[in-house]
Amino acid sequence: MADVALVTGAHGFIGRHVCQALAAHGVTVEALGHGAWSPLEAAKWGISRWLEADITIESLNQVTNGGAVDAIIHCAGSGSVAYSYTAPFQDYQRSVTTVATVLEFVRSIAVNRPRVVITSSAAVYGDHGDVDLAESSDCAPVSPYGFHKRAAEDICRSYSRFFGLNISIVRLFSVYGEGLRKQLLWDAVNKLTSGTQQFFGTGTELRDWIHVVDAADLLCAAAFQSRRQLEVFNGSHEQVTTSHILGLLNALLGTQIPPVFSGEVHTGNPKRLTADTSYVRSELQWRPNISLAEGLCRYVKWINIVNTIKP
């Protein structure tokens, strides 16, 4: 494995786990993003150099000493479909402009022409009905978030085709794990523990879940094991419905509160979003290790700790 990697958005949920995974493989990790991190706190996640700043050509140049890195894993950006509806321009800037900035930095300045890994989303696929989605499936997003992620991918294709950049695009499905304070699991645990039964949707929505540690391992593999100039990989593990997830959480929490679903269906929320991961498994020899049962158990234990230390 190469010696030095840059992680953007390193203070975020996925980014910090990527830093930790890289360091575990002996990689020197440089990091850029937003968040108040002391050198000691950054070091706990395997980071040797941390710069708190926006993603610009100047900040990328500063943290990497002119781009002398072997890989860049771009974890910065928006991670919320809901946010893309309330703040579409800001979501575009986070999802598209930051990607273009990283690619232009590599094209124009970076010494080593490192491989760039872009953290994309299953939202680029849209709603294909009752099928598992392969990397070759059509991209027909149904939310601003999905359109922005597809636009970022298109910019990657342009820079790879016309400027020869080596790029891996990783389309992550439903990422979860300890430290995530938003989305379904966070909302569900807080509702169930407070006695609330009401949930949005039908309960039959089918999603493909992947623990953040496995997602981080995949992003690292894409950075150092990809062989083609432009690669696209799906990242997922276990498929379950929303209703099933809530049942598992009820059992772990000891709440046993039967959820009541509103029946509302949002156009930006496909009924099914699941992956075919046969390509990434064969190409990168990647395998997820944390089962959904284990991952949810770890998540609930973390929630209990968080609730215990609340002021």
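Before reading further, recall that the structure is shown in the block above.
Being a predicted model, the structure only gives us computed values, none of them experimental. (Residues numbered from 1 in each chain as written. Predicted model: local features only at pLDDT ≥ 70, side-chain atom pairs only at ≥ 80, totals over all residues. Heavy atoms only, no water.)

Caption draft 1: Quick peek at helix α8 (residues 212-225). With 14 residues, α8 ought to run about 20 Å at 1.5 Å a step, and its terminal C-alpha atoms sit 19 Å apart, in line with that. Within α8, burial applies to Val 212, Asp 214, Ala 215, Ala 216, Leu 218, Leu 219, Cys 220, Ala 221, Ala 222 and Ala 223. (Helix = DSSP H or I, 4+ residues; strand = E, 2+ residues; numbered from the N terminus. Expected span 1.5 Å × (residues − 1). Buried < 20%, exposed > 50% of the residue type's maximum accessible area, 1.4 Å probe, protein only.)

Caption draft 2: Representation of the pattern of salt bridges within the structure. According to the stated counting rule, one finds 12 salt bridges in the structure shown. Its salt-bridge partner being Asp 154, residue Arg 157 comes within 3.1 Å of it at the nearest N-O pair. With Arg 157 and Asp 154 both in helix α6 (residues 144-163) and three residues apart, the pair spans about one turn of that helix. Since its relative accessible area comes to 29%, Arg 157 is described here as partly exposed. For Asp 154, a relative accessible area of 42% corresponds to the partly exposed category. (Salt bridge = Lys/Arg side-chain N within 4 Å of Asp/Glu carboxyl O.)

Caption draft 3: Quick look at the packing of helix α1 (residues 13-24) against α8. Between α1 and α8, whose axes approach to 8 Å, the crossing angle comes to 60°. At the point where α1 passes α8, the crossing takes the right-handed sense. Seen from α1, the contacting residues are Phe 13, Ile 14, His 17, Val 18, Ala 21 and Leu 22; seen from α8, they are Val 212, Val 213, Ala 216, Asp 217, Leu 219, Cys 220 and Phe 224. Grouping the amino acids of the contact of α1 with α8 by side-chain chemistry returns 11 nonpolar, one polar and one charged. (Axes fitted to C-alpha atoms, helices over the stretch in contact; angles between N-to-C directions. Left-handed = near helix turned anticlockwise from the far one by under 90°. Contact = heavy atoms within 4.5 Å. Nonpolar A, V, L, I, M, F, W, Y, C, P; charged D, E, K, R; others polar.)

Caption draft 4: Just the packing of aromatic side chains, in detail. Tallied over the entire structure, the rule returns eight aromatic pairs. Arranged with centres 5.2 Å apart and planes meeting at 50°, the rings of Tyr 159 and Phe 163 form a pair that is tilted. On the criterion of helical spacing, the pair formed by Tyr 159 and Phe 163 is a turn pair, its members being four residues apart in helix α6. Ring centres 6.0 Å apart and planes at 45° place the aromatic pair Trp 186 and Trp 302 in the tilted group. Taken together, the residues Trp 186 in helix α7 (residues 183-193) and Trp 302 in helix α11 (residues 292-308) connect sequence positions 116 residues apart. Residue classification places Trp 302 among the buried positions, given a relative accessible area of 16%. The rings of Trp 186, Tyr 299 and Trp 302 are connected pair by pair, giving a single aromatic cluster. Here the basic side chain of Arg 107 rests over the ring of Phe 163, its NZ or CZ set 5.5 Å away from the ring centre. The positively charged end of Lys 191 is found above the aromatic ring belonging to Phe 199, 4.8 Å away from the centroid. (Phe/Tyr/Trp six-rings, centres within 6.5 Å; stacked < 30°, edge-to-face > 60°. Lys NZ or Arg CZ within 6 Å of the ring centre and 35° of its normal.)

Caption draft 5: Up close: the sheet that holds strand β1 (residues 4-8). On the basis of which strands lie adjacent, the open sheet formed by seven strands has the order β3-β2-β1-β4-β5-β7-β11 and parallel pairing. Across the chains shown, the open sheet's two edge strands, defined by having one partner strand only, are β3 (47-52) and β11 (230-235). Sheet twist, expressed as the average angle between the axes of neighbouring strands with direction ignored, equals 20°. As paired elements, β1 and strand β2 (residues 28-33) share five bridges and run parallel to each other. Within the sheet, the bridge partner assigned to Thr 8 lies in β2 and is Leu 32. Here helix α3 (residues 57-64) sits on the sheet in contact with β1, β2 and β3, set at roughly 155° to β2. (Pairing = 2+ DSSP bridges.)

Caption draft 6: Structural detail: the state of the cysteines. Counted by the stated rule, this structure contains zero disulfides. Lacking any disulfide linkage, Cys 19 is separated from the closest cysteine sulfur, that of Cys 75, by 7.4 Å. Classification of Cys 19 by relative accessible area gives buried; the value is 0%. (Disulfide = S-S within 2.5 Å.)

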